[in-house]
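# What the coordinates show
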Amino acid sequence: MPKPTPTYAGPAMDMREAAFELAACLRGDVQVDQPDVLLALIRATAVALGNSISEMADAADSAGQDAAAALLRKALADQHGSAQALAEAVQALTRPRVLRG
């Protein structure tokens, strides 16, 4: 008898597909009218992904999978750095440009 599909499977697959679709849309010579808005959305997704990684690390801890939990915590730290860099990019894009004469 097959196992039932976990409730997280659908959202995980949707997130994966959306990420690949976005990358495909941005590939090549593409003009992005509001890059700050797009980056803010990507950052929000990175934060949500970090939350998922944190939950997985907690689950690995609870299951006694210390090595996996440590690797997931490392991935979480890397993900936090990525989200922080995206936030800084959004800020840089929204700062008014100084005109030089």
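For clarity, every value in this text was computed on a predicted model and none was experimentally measured.

## Thoughts on the overall build of the protein chain
Helix and strand counts for the protein chain come out as three helices and zero strands. Here the C-alpha radius of gyration of the protein chain, 18 Å, is well above what a compact globule of 101 residues would show, namely 13 Å. When its C-alpha atoms are laid out on the principal axes, the protein chain stretches across 70 × 30 × 20 Å. Of all 101 residues assigned to the protein chain, the portion counted as buried reaches 12%. The contacts in the protein chain between residues at least 6 apart in sequence include a share of 52% that link residues at least 24 apart. Of the roughly 8,200 Å² of accessible surface on the protein chain, a fraction of 60% belongs to carbon and sulfur atoms. Across the protein chain, the mean location of the 9 positive side-chain charges is 6 Å away from that of the 12 negative side-chain charges.

## Quick look at the nonpolar core
Among the nonpolar cores identified, the biggest contains five residues, and these are Leu39, Ala46, Ala83, Leu86 and Val90. Here the element with the most residues in this core is helix H3 (residues 66-94); it accounts for three residues. Not counting residues up to four positions away in its chain, the partners in contact with leucine 86 are Leu39, Ile42, Arg43 and Ala46.

## Quick notes on the layout of surface pockets
Its boundaries defined by the atoms lining it, the largest pocket holds a volume of some 270 Å³. The element contributing the most residues to the lining of the largest pocket is helix H2 (residues 35-62), with five residues. Residue composition of the lining of the largest pocket, grouped by class: eight nonpolar, one polar and no charged. Lining the second largest pocket we find Met15, Ala18, Ala19, Leu22, Leu38, Leu41, Ile42 and Thr45. For the lining of the second largest pocket, the class distribution of residues is seven nonpolar, one polar and no charged.

## Concerning H3
End to end, H3 covers 42 Å across 29 residues, agreeing with the expected 42 Å (1.5 Å per residue, within 8%). Ala69, Gln79, Ala83, Leu86, Ala87 and Val90 are the residues of H3 that are buried. On its buried face, H3 is in contact with H2.

## Quick notes on the pattern of salt bridges
For the coordinates displayed, the defined rule picks out three salt bridges. Close ionic contact of arginine 73 with aspartate 58 constitutes a salt bridge, the shortest N to O distance being 2.9 Å. Of this pair, arginine 73 sits in helix H3 while aspartate 58 sits in helix H2, and the two are 15 residues apart along the sequence. Residue classification places arginine 73 among the partly exposed positions, given a relative accessible area of 32%.

Each value, and the rule that gives it
- Residues numbered from 1 in each chain as written.
- Predicted model: local features only at pLDDT ≥ 70, side-chain atom pairs only at ≥ 80, totals over all residues.
- Heavy atoms only, no water.
- Helix = DSSP H or I, 4+ residues; strand = E, 2+ residues; numbered from the N terminus.
- Rg over C-alpha atoms; globule rule 2.2 N^0.38 Å.
- Buried < 20%, exposed > 50% of the residue type's maximum accessible area, 1.4 Å probe, protein only.
- Contact = heavy atoms within 4.5 Å.
- Areas by Shrake-Rupley, 256 points an atom, 1.4 Å probe, with all protein chains shown as cover.
- Lys, Arg positive; Asp, Glu negative; His and termini not counted.
- Charge placed at Lys NZ, Arg CZ, Asp CG, Glu CD.
- Core = buried A, V, L, I, M, F, W, Y, C linked by side-chain atoms within 4.5 Å.
- 1 Å grid on protein atoms, 1.4 Å probe; cavity = no way out; pocket = protein on both sides within 12 Å on 5 of 7 lines; lining within 4 Å.
- Points joined across faces, edges and corners; volume = space filled by probe spheres on them.
- Nonpolar A, V, L, I, M, F, W, Y, C, P; charged D, E, K, R; others polar.
- Expected span 1.5 Å × (residues − 1).
- Salt bridge = Lys/Arg side-chain N within 4 Å of Asp/Glu carboxyl O.

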